[in-house]
Amino acid sequence: QAMAPLHPVSVQCQEAQVVVTVHRDLFGTGRLVRAADLSLGSASCLPVSQNPAESTVTFVAGLHECGSTLQMTPDSLIYKTSLSYKPTPSGNPVIVRTNPVVVPIECHYPRKSNVSSNAVRPTWAPFHSTLSAEEKLMFSLRLMNDDWSTERFSNGFQLGESLHLQADVASEGHVPLRLFVEDCVATLSPDRNSSPRYTFIDLSGCLVDGRADDTTSAFISPRPRQETLQFVVDAFRFAGDDRNLIYITCHLKVSPADQAPNPLFKACSFNKASSLWAPVEGTGDICSCCETGNCP
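To keep things clear, this report deals only with the structure shown in the data block. No experiment lies behind these values; they were computed from the predicted model shown.

## Some words on the environment of Leu26
Thought 1: Following the sequence through the fold, Leu26 ends up in the loop between strand S2 (17–23) and strand S3 (38–40).
Thought 2: With relative accessibility at 11%, the residue Leu26 sits in the buried group.
Thought 3: Along the chain, Leu26 and Tyr85 lie 59 residues apart, while their C-alpha atoms are 9.2 Å from each other.
Thought 4: Residue contacts for Leu26: discarding those within four places in its chain leaves Pro8, Val9, Val33, Leu38 and Tyr85.

Below is the structure:
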(Lines give C-alpha, C1' and ligand atoms only; values in the text may rest on other atoms or scores of the structure.)
Protein backbone atom coordinates (compact mmCIF):
# COMPACT_ATOMS: atom_id res chain seq x y z
CA GLN A 1 0.00 0.00 0.00
CA ALA A 2 1.14 3.56 -0.66
CA MET A 3 2.27 5.44 2.41
CA ALA A 4 -0.68 7.50 3.67
CA PRO A 5 -2.43 7.95 7.02
CA LEU A 6 -5.07 5.41 5.99
CA HIS A 7 -2.38 2.97 4.78
CA PRO A 8 0.39 3.45 7.32
CA VAL A 9 2.22 0.14 6.68
CA SER A 10 4.15 -0.49 3.45
CA VAL A 11 5.64 -3.94 2.69
CA GLN A 12 8.23 -4.82 0.04
CA CYS A 13 8.81 -8.55 -0.51
CA GLN A 14 12.32 -8.77 -1.95
CA GLU A 15 14.31 -11.80 -3.11
CA ALA A 16 15.73 -12.75 0.28
CA GLN A 17 14.29 -10.20 2.72
CA VAL A 18 11.21 -8.21 3.61
CA VAL A 19 11.25 -4.41 4.06
CA VAL A 20 8.48 -2.94 6.21
CA THR A 21 8.05 0.85 6.39
CA VAL A 22 5.69 2.16 9.08
CA HIS A 23 4.26 5.68 9.34
CA ARG A 24 4.30 6.70 12.98
CA ASP A 25 0.84 8.22 12.51
CA LEU A 26 -0.34 4.64 12.79
CA PHE A 27 -3.97 5.46 13.54
CA GLY A 28 -4.37 8.50 11.25
CA THR A 29 -5.07 10.77 14.21
CA GLY A 30 -1.98 12.95 13.91
CA ARG A 31 -0.62 11.50 17.17
CA LEU A 32 2.72 9.77 16.42
CA VAL A 33 3.51 6.48 18.10
CA ARG A 34 6.93 5.88 19.64
CA ALA A 35 9.34 3.99 17.38
CA ALA A 36 10.50 1.94 20.38
CA ASP A 37 6.97 0.55 20.74
CA LEU A 38 7.11 -1.01 17.25
CA SER A 39 8.63 -4.43 16.59
CA LEU A 40 8.64 -7.11 13.90
CA GLY A 41 7.89 -10.80 14.31
CA SER A 42 7.79 -13.08 17.32
CA ALA A 43 11.48 -12.27 17.95
CA SER A 44 10.51 -8.59 18.44
CA CYS A 45 13.11 -7.25 16.00
CA LEU A 46 13.62 -3.48 16.23
CA PRO A 47 13.63 -0.97 13.34
CA VAL A 48 16.91 -0.58 11.46
CA SER A 49 16.35 3.08 10.51
CA GLN A 50 14.12 6.12 11.07
CA ASN A 51 13.20 9.07 8.88
CA PRO A 52 12.20 11.93 11.18
CA ALA A 53 11.29 14.20 8.24
CA GLU A 54 8.66 11.74 7.01
CA SER A 55 7.85 10.32 10.47
CA THR A 56 8.56 6.77 9.32
CA VAL A 57 10.54 3.81 10.65
CA THR A 58 11.85 0.92 8.55
CA PHE A 59 12.37 -2.75 9.38
CA VAL A 60 14.58 -5.00 7.22
CA ALA A 61 14.67 -8.73 7.94
CA GLY A 62 15.68 -11.90 6.12
CA LEU A 63 12.75 -14.08 5.14
CA HIS A 64 13.70 -16.59 7.87
CA GLU A 65 14.57 -14.02 10.52
CA CYS A 66 12.66 -12.40 13.38
CA GLY A 67 10.64 -15.55 14.04
CA SER A 68 8.87 -15.65 10.69
CA THR A 69 7.13 -18.87 9.66
CA LEU A 70 7.06 -20.62 6.30
CA GLN A 71 3.96 -22.18 4.77
CA MET A 72 4.15 -24.24 1.58
CA THR A 73 1.30 -24.67 -0.85
CA PRO A 74 1.53 -26.63 -4.11
CA ASP A 75 2.35 -23.41 -5.97
CA SER A 76 3.71 -20.93 -3.42
CA LEU A 77 6.10 -20.34 -0.54
CA ILE A 78 4.41 -18.04 1.97
CA TYR A 79 6.54 -16.31 4.62
CA LYS A 80 4.43 -14.95 7.48
CA THR A 81 5.35 -12.44 10.15
CA SER A 82 3.63 -9.55 11.92
CA LEU A 83 4.19 -5.93 12.89
CA SER A 84 3.40 -5.29 16.54
CA TYR A 85 2.65 -2.03 18.30
CA LYS A 86 2.74 -2.34 22.08
CA PRO A 87 2.24 1.08 23.71
CA THR A 88 4.15 1.79 26.90
CA PRO A 89 2.76 4.26 29.43
CA SER A 90 4.14 7.77 29.06
CA GLY A 91 3.59 10.65 31.44
CA ASN A 92 1.10 9.06 33.83
CA PRO A 93 2.12 5.38 34.15
CA VAL A 94 -1.42 4.37 35.13
CA ILE A 95 -3.01 5.05 31.73
CA VAL A 96 -2.34 4.58 28.01
CA ARG A 97 -4.04 6.44 25.18
CA THR A 98 -3.75 3.90 22.37
CA ASN A 99 -4.47 0.20 21.98
CA PRO A 100 -1.93 -2.45 20.98
CA VAL A 101 -2.01 -3.49 17.32
CA VAL A 102 -0.83 -6.57 15.41
CA VAL A 103 -0.61 -6.23 11.62
CA PRO A 104 -0.19 -9.57 9.79
CA ILE A 105 2.37 -9.54 6.96
CA GLU A 106 2.79 -12.15 4.22
CA CYS A 107 5.20 -12.52 1.32
CA HIS A 108 4.20 -14.95 -1.44
CA TYR A 109 6.75 -16.49 -3.83
CA PRO A 110 6.09 -18.97 -6.66
CA ARG A 111 7.60 -22.40 -6.03
CA LYS A 112 8.08 -23.22 -9.70
CA SER A 113 8.98 -21.11 -12.73
CA ASN A 114 10.94 -21.13 -15.96
CA VAL A 115 13.85 -18.69 -15.81
CA SER A 116 15.96 -17.32 -18.64
CA SER A 117 18.45 -14.48 -18.87
CA ASN A 118 16.92 -13.47 -22.21
CA ALA A 119 13.45 -12.34 -23.17
CA VAL A 120 11.05 -15.24 -23.70
CA ARG A 121 10.20 -15.75 -27.33
CA PRO A 122 6.82 -17.28 -28.18
CA THR A 123 8.48 -19.58 -30.72
CA TRP A 124 10.52 -21.28 -28.01
CA ALA A 125 9.31 -24.69 -26.85
CA PRO A 126 8.41 -24.72 -23.16
CA PHE A 127 10.39 -26.81 -20.70
CA HIS A 128 9.22 -30.42 -20.68
CA SER A 129 9.17 -30.30 -16.92
CA THR A 130 9.92 -27.84 -14.16
CA LEU A 131 11.83 -29.01 -11.11
CA SER A 132 11.40 -27.68 -7.62
CA ALA A 133 14.46 -26.05 -6.11
CA GLU A 134 15.01 -28.85 -3.60
CA GLU A 135 15.34 -31.35 -6.47
CA LYS A 136 18.22 -29.46 -8.08
CA LEU A 137 20.67 -29.56 -5.18
CA MET A 138 23.87 -31.47 -5.96
CA PHE A 139 25.61 -32.99 -2.92
CA SER A 140 29.11 -34.48 -2.82
CA LEU A 141 31.34 -36.19 -0.26
CA ARG A 142 35.06 -36.47 -1.06
CA LEU A 143 38.30 -37.66 0.49
CA MET A 144 40.75 -34.73 0.49
CA ASN A 145 44.51 -34.45 0.97
CA ASP A 146 45.84 -33.23 4.30
CA ASP A 147 45.83 -29.52 3.39
CA TRP A 148 42.33 -29.69 1.83
CA SER A 149 43.62 -28.25 -1.47
CA THR A 150 42.66 -31.15 -3.76
CA GLU A 151 40.85 -34.44 -3.73
CA ARG A 152 42.97 -37.30 -2.41
CA PHE A 153 44.40 -39.50 -5.16
CA SER A 154 44.45 -42.68 -3.04
CA ASN A 155 41.73 -44.04 -0.79
CA GLY A 156 44.15 -46.23 1.17
CA PHE A 157 45.06 -45.41 4.79
CA GLN A 158 47.25 -46.80 7.54
CA LEU A 159 45.96 -47.00 11.09
CA GLY A 160 47.17 -43.86 12.86
CA GLU A 161 46.42 -41.64 9.86
CA SER A 162 43.37 -39.42 9.52
CA LEU A 163 40.65 -39.26 6.89
CA HIS A 164 39.99 -35.73 5.65
CA LEU A 165 36.38 -35.69 4.46
CA GLN A 166 34.72 -32.75 2.71
CA ALA A 167 30.97 -32.46 2.10
CA ASP A 168 29.71 -29.90 -0.42
CA VAL A 169 26.47 -28.75 -1.98
CA ALA A 170 26.23 -26.87 -5.27
CA SER A 171 23.98 -23.91 -4.47
CA GLU A 172 23.95 -21.97 -7.74
CA GLY A 173 20.56 -20.46 -8.43
CA HIS A 174 19.37 -20.85 -4.83
CA VAL A 175 19.18 -18.63 -1.80
CA PRO A 176 22.43 -18.99 0.22
CA LEU A 177 22.59 -22.40 1.90
CA ARG A 178 24.51 -23.87 4.83
CA LEU A 179 25.46 -27.55 4.65
CA PHE A 180 25.23 -30.03 7.53
CA VAL A 181 25.96 -33.73 7.99
CA GLU A 182 23.03 -35.56 9.55
CA ASP A 183 24.91 -38.80 10.18
CA CYS A 184 27.74 -40.98 8.84
CA VAL A 185 27.93 -44.77 9.05
CA ALA A 186 30.85 -47.08 8.26
CA THR A 187 30.09 -50.64 7.07
CA LEU A 188 31.85 -53.54 5.35
CA SER A 189 29.32 -53.56 2.48
CA PRO A 190 27.55 -50.82 0.50
CA ASP A 191 24.39 -51.45 2.56
CA ARG A 192 24.44 -48.86 5.36
CA ASN A 193 22.15 -51.09 7.42
CA SER A 194 24.45 -54.11 7.26
CA SER A 195 26.32 -55.45 10.29
CA PRO A 196 28.84 -54.72 11.66
CA ARG A 197 28.45 -50.98 11.38
CA TYR A 198 29.93 -47.99 13.18
CA THR A 199 28.15 -44.63 13.34
CA PHE A 200 30.75 -41.88 13.79
CA ILE A 201 28.45 -38.90 13.17
CA ASP A 202 25.02 -39.19 14.78
CA LEU A 203 22.23 -37.27 16.51
CA SER A 204 21.74 -34.68 13.75
CA GLY A 205 25.36 -33.53 13.53
CA CYS A 206 27.32 -34.78 16.57
CA LEU A 207 30.77 -36.16 15.66
CA VAL A 208 30.50 -38.86 18.32
CA ASP A 209 33.77 -40.55 17.27
CA GLY A 210 35.61 -37.58 18.80
CA ARG A 211 34.16 -38.49 22.23
CA ALA A 212 36.39 -41.59 22.45
CA ASP A 213 39.55 -41.23 24.52
CA ASP A 214 42.03 -42.13 21.77
CA THR A 215 40.75 -39.99 18.88
CA THR A 216 41.18 -36.48 17.52
CA SER A 217 38.17 -36.61 15.18
CA ALA A 218 36.49 -33.20 14.77
CA PHE A 219 34.75 -30.80 12.42
CA ILE A 220 37.00 -28.10 10.95
CA SER A 221 36.15 -24.58 12.13
CA PRO A 222 35.65 -22.11 10.61
CA ARG A 223 34.18 -23.39 7.37
CA PRO A 224 35.80 -22.38 4.08
CA ARG A 225 32.30 -21.64 2.73
CA GLN A 226 28.77 -21.95 4.09
CA GLU A 227 27.99 -24.69 1.55
CA THR A 228 31.05 -26.76 2.60
CA LEU A 229 31.69 -28.76 5.77
CA GLN A 230 35.04 -30.43 6.48
CA PHE A 231 35.80 -33.01 9.16
CA VAL A 232 38.69 -35.26 10.18
CA VAL A 233 38.18 -38.83 11.36
CA ASP A 234 40.99 -41.05 12.67
CA ALA A 235 41.41 -44.18 10.53
CA PHE A 236 39.91 -47.37 11.98
CA ARG A 237 39.03 -50.94 11.08
CA PHE A 238 36.44 -53.38 12.38
CA ALA A 239 37.73 -55.61 15.17
CA GLY A 240 37.88 -59.31 14.41
CA ASP A 241 37.43 -58.84 10.66
CA ASP A 242 40.25 -59.19 8.15
CA ARG A 243 38.59 -57.11 5.41
CA ASN A 244 40.30 -53.78 4.78
CA LEU A 245 37.65 -52.14 2.58
CA ILE A 246 35.24 -49.91 4.49
CA TYR A 247 32.23 -48.11 3.01
CA ILE A 248 31.19 -44.72 4.41
CA THR A 249 27.64 -43.47 3.87
CA CYS A 250 26.61 -39.98 5.02
CA HIS A 251 23.30 -38.15 5.00
CA LEU A 252 23.79 -34.50 4.01
CA LYS A 253 21.24 -31.71 4.39
CA VAL A 254 21.00 -27.93 4.08
CA SER A 255 19.31 -25.02 5.77
CA PRO A 256 19.05 -21.40 4.63
CA ALA A 257 22.33 -19.67 5.47
CA ASP A 258 20.52 -16.95 7.40
CA GLN A 259 18.82 -19.51 9.66
CA ALA A 260 20.57 -19.82 13.02
CA PRO A 261 21.96 -23.30 13.73
CA ASN A 262 19.82 -25.33 16.13
CA PRO A 263 19.74 -28.87 17.60
CA LEU A 264 18.42 -30.21 14.27
CA PHE A 265 20.92 -28.32 12.07
CA LYS A 266 24.32 -28.31 13.77
CA ALA A 267 27.94 -29.49 13.46
CA CYS A 268 29.32 -30.31 16.91
CA SER A 269 32.74 -31.64 17.97
CA PHE A 270 33.92 -32.79 21.40
CA ASN A 271 36.69 -30.62 22.84
CA LYS A 272 38.80 -32.83 25.09
CA ALA A 273 40.62 -29.86 26.66
CA SER A 274 37.39 -28.41 28.03
CA SER A 275 35.40 -31.69 28.06
CA LEU A 276 32.60 -29.81 26.29
CA TRP A 277 30.84 -30.09 22.95
CA ALA A 278 31.39 -27.08 20.69
CA PRO A 279 29.59 -26.11 17.44
CA VAL A 280 31.24 -24.92 14.23
CA GLU A 281 28.78 -22.04 14.43
CA GLY A 282 25.95 -21.14 16.76
CA THR A 283 25.68 -21.17 20.54
CA GLY A 284 27.04 -24.01 22.64
CA ASP A 285 23.62 -25.05 23.93
CA ILE A 286 22.67 -26.55 20.55
CA CYS A 287 25.26 -29.28 21.22
CA SER A 288 23.99 -30.25 24.67
CA CYS A 289 21.96 -33.14 23.24
CA CYS A 290 25.20 -34.70 21.89
CA GLU A 291 25.99 -35.62 25.51
CA THR A 292 22.49 -36.64 26.58
CA GLY A 293 21.71 -38.49 23.34
CA ASN A 294 18.27 -36.89 23.27
CA CYS A 295 18.47 -35.01 19.94
CA PRO A 296 15.62 -34.40 17.46
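## Side note on the nonpolar core
Thought 1: Of all hydrophobic cores here, the largest spans 22 residues; its most connected members are Val181, Cys184, Phe200, Ile201, Phe219, Leu229 and Phe231.
Thought 2: Within the residue set of this core, elements represented by two or more residues are strand S10 (162–170), strand S11 (177–187), strand S12 (197–201), strand S14 (228–234) and strand S15 (247–256).
Thought 3: The dominant element in this core, judged by the number of residues it contributes, is S11, at five residues.
Thought 4: If you look at the next biggest cluster of nonpolar residues, it comprises 20 residues, including Val9, Ala35, Leu83 and Tyr85.

## Some remarks on the pairing of strand S5 (residues 56–62)
Thought 1: The element S5 is largely enclosed, with a buried count of six among its seven residues.
Thought 2: Where strand S4 (residues 49–51) lies against S5, three bridges are found, and the strand directions are antiparallel. The residue of S5 that forms the bridge with Ser49 is Thr58.
Thought 3: Two successive antiparallel strands, S4 and S5, enclose a turn made up of four residues, where Ser55 displays a positive phi of approximately 55°.

## Overview of the state of the cysteines
Thought 1: Taken as a whole and judged by the stated rule, the model has six disulfides.
Thought 2: Two residues, Cys13 and Cys107, share a disulfide whose sulfurs are 2.1 Å apart. A torsion of -85° about the S-S bond marks the disulfide between Cys13 and Cys107 as left-handed. A residue pair is termed long-range when its members are at least 10 positions apart, and Cys13 in strand S1 (residues 9–13) and Cys107 in strand S8 (residues 101–110) qualify at 94 residues.
Thought 3: Among the residues examined, Cys107 registers a relative accessible area of 3% and is labelled buried.
Thought 4: Across the disulfide, Cys45 is cross-linked to Cys66 (sulfur-sulfur distance 2.1 Å). Judged by the sign of its S-S torsion, about -110°, the bond between Cys45 and Cys66 is left-handed. Of this pair, Cys45 sits in the loop between S3 and S4 while Cys66 sits in the loop between S5 and strand S6 (69–72), and the two are 21 residues apart along the sequence.
Thought 5: For Cys66, a relative accessible area of 10% gives the class buried.
Thought 6: When the cysteines engaged in disulfides are numbered in sequence order, the chain pairs them as 1-4, 2-3, 5-7, 6-11, 8-9, 10-12.

## Structural notes on the pattern of salt bridges
Thought 1: In the structure shown here, the tally under the stated rule is 10 salt bridges.
Thought 2: For Glu281, the salt bridge is made with Arg223, and the minimal N-O distance between the two is 2.9 Å. Within this pair, whereas Glu281 is found in the loop between strand S17 (276–279) and helix H1 (288–292), its partner Arg223 is found in the loop between strand S13 (218–219) and S14, the two being separated by 58 residues in sequence.
Thought 3: Residue classification places Glu281 among the buried positions, given a relative accessible area of 17%.
Thought 4: With a relative accessible area of 10%, Arg223 lands in the buried category.
Thought 5: Taken together, the shared-partner salt bridges in this structure form one network comprising Arg142, Glu151, Asp168 and Arg225.

Definitions and cut-offs
Residues numbered from 1 in each chain as written. Predicted model: local features only at pLDDT ≥ 70, side-chain atom pairs only at ≥ 80, totals over all residues. Heavy atoms only, no water. Helix = DSSP H or I, 4+ residues; strand = E, 2+ residues; numbered from the N terminus. Buried < 20%, exposed > 50% of the residue type's maximum accessible area, 1.4 Å probe, protein only. Contact = heavy atoms within 4.5 Å. Core = buried A, V, L, I, M, F, W, Y, C linked by side-chain atoms within 4.5 Å. Pairing = 2+ DSSP bridges. Disulfide = S-S within 2.5 Å. Salt bridge = Lys/Arg side-chain N within 4 Å of Asp/Glu carboxyl O.

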